[in-house]
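Architecture and fold: a report
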Amino acid sequence: MNERIQELHKQAVAYALSVCDAAGVYQGREYLQVIREKFAELIVRDCKAIIKEVYVNTSPAQPGLIEANRRINQKYGIKQ
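Residues numbered from 1 in each chain as written. Predicted model: local features only at pLDDT ≥ 70, side-chain atom pairs only at ≥ 80, totals over all residues. Heavy atoms only, no water.

A closer look at the environment of Tyr26
Here Tyr26 is to be found in strand S1 (residues 25-26). C-alpha separation for the pair Tyr26 and Ala16, spaced 10 residues apart in sequence, amounts to 8.1 Å. Those residues in contact with Tyr26 that lie beyond four places of it in its chain are Tyr15, Val19, Cys20 and Val34. Polar side-chain contacts of Tyr26 include one of 3.4 Å to the side chain of Gln27. (Helix = DSSP H or I, 4+ residues; strand = E, 2+ residues; numbered from the N terminus. Contact = heavy atoms within 4.5 Å. Polar contact = N/O pair within 3.5 Å; in protein donor to acceptor, adjacent residues only side chain to side chain.)

This is the structure in structure tokens:
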């Protein structure tokens, strides 16, 4: 896993530990499900931040979606 994905996973685990009760349950969901859901949420938030940054900082001559895709792939270590 790339470093960013590892960091987001650590954040998801920390979140689950902070919200789950002694039985490992939070709002009817078990510990591992809480981690998975939070992990996915963090990835989506991270991608949205990349896209927002690209559109704010991209000149009209540069294709924004292609640049956002490139940055997301780079950040998560995805090879095309």
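Past the structure itself, the notes keep going.
Observations concerning the environment of Arg45
Inspection of the secondary structure assignment puts Arg45 in helix H2 (residues 31-57). Judged by its relative accessible area of 53%, Arg45 is exposed. Separated by 35 residues in the primary sequence, Arg45 and Lys10 place their C-alpha atoms 15 Å from one another. A polar side-chain atom of Arg45 sits 2.9 Å from a polar atom in the side chain of Glu41. (Buried < 20%, exposed > 50% of the residue type's maximum accessible area, 1.4 Å probe, protein only.)

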